[in-house]
Amino acid sequence: MNMDTSSVLSAKDISFSHTGKEELFSHLSFTLPKGEFTVLAGSNGCGKSTLLRILAGFLPVSAGEVLLHGSPIHSFSRKRKKPGFVPQELPEAEEMTVRELVLTGLLAGKGLFPFATGKEKAKVQEILEELDLTHLAQRRCASLSGGEFRRAAIGMSLVRSPEILLLDEPCSSLDYGHAQSLMLFLQKMCRKHFLTILMVSHDLILPAKYATNFVLMKKGEIFAEGAPEKVLTKENLEEVYHIPFEVLSSQKNFPVPIPADRETPPQQ
Amino acid sequence: MKKERYKELFFLFSFILLSFLILFCAFFLGINDLSTKEIFNDNSSGTLTPLAMARITRILASFLVGGSLALAGSVYQAVLHNPLAEPFILGVSGGAAVGTALAFITGAAVTGTFFIPLFASSGGLFAVLLVLLLGMTGRGEKNTILLSGVIMGTLSSSILMCLISFAGTQEMCSITWFLMGDLSAADPVLLRFSCFFAPLIAFLLFLLSPKANALASGEDYARGIGVDPVKTGYALLILATLLTAASVALSGIISFVGLIVPHILRKWGFADNRKLFPLSFFAGGIFLIFCDFLSRNIFQAREIPAGVITSFSGGLLFLWILYKKNLNGRKGL
């Protein structure tokens, strides 16, 4: 039994390949720190999204195991305990209202009973308030802005009160304003409700400000891990992205990584 | 919040009122109008006259068939993420029709009436399986599944044509009517069977409706909230196919009910499958009763099959949806 209380989700010595031939991960180990807002970054195709899906228990590994509270993730029959997962794409059921979408998160996982109890309705209301979606509860998702729809999609997962939330590039289609609101919300959930968050992101500037932990991946391996200011260094970023970087410092000492000028195309 | 509630209540109230009106017309009006005196043989025995009995049978058959097809359409649309998925377009009706025709031609139908739904279900399930297998070659792309359905439908109709060419004159006639969707000759044994079977499957689908919502959101969303998309998807598809097969066995191929009814209901704001599934069943039933009523009364001298009306109106709606989607610049169907 794993008595390490600082982690709730970890991958131990896992190997994985998409095709059965070339391995994407070979003996990779990773521990998600409890109660932290962790951001997973790296170049395209380095295995960020795959790692996220493995940690969610969606993809089987060929060697090693994924542990949730010290036990293999597949042994958890109580689905409520499993990590919440928010895919990169928005839900396709865009004709449903926001309230119906969030309620689906609660009703679909339980047995065969299509009605919400009073307690469940109250839970949905609470999540809608938390996500600042109460005024949009009866609106069809298709009529929402990208940021609002994204929040509703997150609500679908959060309504099940998961301890861990995994998000795949939630800000990919959002402008800076909406992306910042989402980061602030995630930061609040992390601080107020002790939610453990792992978010895949291509953007480094906003997460550098709001995340408490950073993981850089390179070609299927964890390259660097730790506090943003320790991970987001010029050397690390240049090694991972193969382009020159400059790391500025904001007034509040947050690292601000930006790609620098370059003359030659990046080496892959 | 309140406005939406009123809208839903208004819809439900209008729907119930319209249903009663349609039921009334379908029962009393026709080439031979029924007067209240003609309902019962005589007041003391309380038995129904043959004409009244025939009308009731026909209305019941229309309700069960229409309800089954509309509900099956809603299920296919949720599972396959495609508003154009429907029993006929997916080739399920065609597969079930081949099964039914085989039951007639091999003589199994004469041995026992229950062979008809059995053959129809096998045909329907076989068609769904083939469509899904073909669809997988396109990495689950929406268009590939629909196109596979169209191919399946074409294959089925060619097999049916082949069977017709082997059949005798009388069988040829009944198979041809069957292909056009005929509600006038519902087998009483099959009808009794459907009276239990269709509501039972509809209830099971209602229980699965929150899971269908999860699937409609996307496979990863479903997984993320604890729903196995593969198992649940197959369970929903099999139930919808059985429902389609039972209705094909009862009345032949009636197309596009599964497209028209869910489309209108969704436009009215009933996109949550917990509401859409039961409403599709009832509205589909009433819709087909109405189409059957029209088919009996459009031409005074001659009756046309109800399937003609549904396929004509459904075909137009299909074009309209395609046109609107293209207008909105969305990718695919």
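Residues numbered from 1 in each chain as written. Chains lettered and ligands numbered in written order. Predicted model: local features only at pLDDT ≥ 70, side-chain atom pairs only at ≥ 80, totals over all residues. Heavy atoms only, no water.

With respect to unusual backbone geometry
All names here are of chain A. Positive phi, normally seen in glycine, also occurs at glutamate 169, with a value near 45 degrees. Tracing the backbone shows glutamate 169 in the loop between strand 7 (164–168) and helix 5 (176–193). Overall, the relative accessible area of 13% leaves glutamate 169 in the buried class. One non-glycine residue, histidine 242, lies in the positive phi region at around 60 degrees. Residue placement: histidine 242 occurs in the loop between helix 8 (234–241) and strand 11 (245–249). Residue classification places histidine 242 among the partly exposed residues on the basis of a relative accessible area of 26%. (Helix = DSSP H or I, 4+ residues; strand = E, 2+ residues; numbered from the N terminus. Buried < 20%, exposed > 50% of the residue type's maximum accessible area, 1.4 Å probe, protein only.)

Some words on the packing of aromatic side chains
Enumeration according to the criterion identifies 18 aromatic pairs over all chains in this entry. With 4.9 Å between their ring centres and 80 degrees between their planes, B:Phe27 and B:Phe28 make a pair best called edge-to-face. A residue is classified by how much of its surface remains accessible, and B:Phe27, at 13% relative accessible area, is buried. Judged by relative accessible area, B:Phe28 falls into the buried class, the value being 17%. The rings of B:Phe11, B:Phe15, B:Trp268 and B:Phe270 are connected pair by pair, giving a single aromatic cluster. When the ring centre of A:Phe58 is taken as origin, the NZ or CZ atom of B:Arg223, which lies over that ring, is 5.7 Å away. (Phe/Tyr/Trp six-rings, centres within 6.5 Å; stacked < 30°, edge-to-face > 60°. Lys NZ or Arg CZ within 6 Å of the ring centre and 35° of its normal.)

Focus: the side chain of A:Glu169
Residue and element names in this part refer to chain A. Lacking a salt bridge, the buried glutamate 169 has lysine 48 as its closest oppositely charged neighbour, with an N-O distance of 5.3 Å. In terms of polar contacts, glutamate 169 uses its side chain to reach the side chain of histidine 202, at 3.5 Å. When near neighbours in sequence (up to four residues on either side) are disregarded, glutamate 169 contacts Gln88, Arg150, Val200 and His202. (Lys, Arg positive; Asp, Glu negative; His and termini not counted. Salt bridge = Lys/Arg side-chain N within 4 Å of Asp/Glu carboxyl O. Polar contact = N/O pair within 3.5 Å; in protein donor to acceptor, adjacent residues only side chain to side chain. Contact = heavy atoms within 4.5 Å.)

With respect to the side chain of B:Thr244
Residue and element names in this part refer to chain B. Here threonine 244 shows up in helix 11 (residues 229–251). Of note is the side chain of threonine 244, whose polar atom sits 2.8 Å from the backbone oxygen of alanine 240. The contacts of threonine 244, once residues within four sequence positions are left out, are Leu69, Ala72, Tyr76, Pro87, Val92 and Ser93.

Some thoughts on the packing of helix 3 (residues 92–105) of chain B against helix 5 (residues 115–136) of chain B
Residues and elements named next belong to chain B. For the pair helix 3 and helix 5, the least separation of the axes is 7 Å and the interaxial angle reads 145 degrees. Here the hand of the crossing between helix 3 and helix 5 comes out right-handed. For the pair helix 3 and helix 5, contact is made by Val92, Gly95, Ala96, Gly99, Thr100, Leu102, Ala103 and Phe104 and by Phe115, Ile116, Phe119, Ala120, Gly123, Gly124, Ala127 and Val128, respectively. (Axes fitted to C-alpha atoms, helices over the stretch in contact; angles between N-to-C directions. Left-handed = near helix turned anticlockwise from the far one by under 90°.)

Topic: the pattern of salt bridges
Applying the stated criterion to the full structure yields 15 salt bridges over all chains. Ionic pairing is found between A:Lys234 and A:Glu238, a salt bridge with its closest N-O pair at 2.8 Å. Pair noted here: A:Lys234 and A:Glu238 are both in helix 8, with a separation of four residues, about one helical turn. Taking relative accessible area as the criterion, A:Lys234 reaches 39% and is therefore assigned partly exposed. Since its relative accessible area comes to 26%, A:Glu238 is described here as partly exposed. Its salt-bridge partner being B:Arg223, residue B:Asp220 comes within 3.0 Å of it at the nearest N-O pair.

With respect to helix 8 of chain A
Residues and elements named next belong to chain A. Listing the buried residues of helix 8 in full gives Asn236, Leu237, Val240 and Tyr241. Along the axis of helix 8, the buried residues cluster in a sector spanning 105 degrees; they form a single face. Each element contacted by the buried residues of helix 8 is listed here: strand 3 (37–42), strand 9 (213–218), strand 10 (221–226), helix 7 (228–231), strand 11 and strand 12 (255–259). Remark: histidine 242 follows helix 8 within two positions and exhibits a positive phi of approximately 60 degrees. (Arc of directions from axis to C-beta.)

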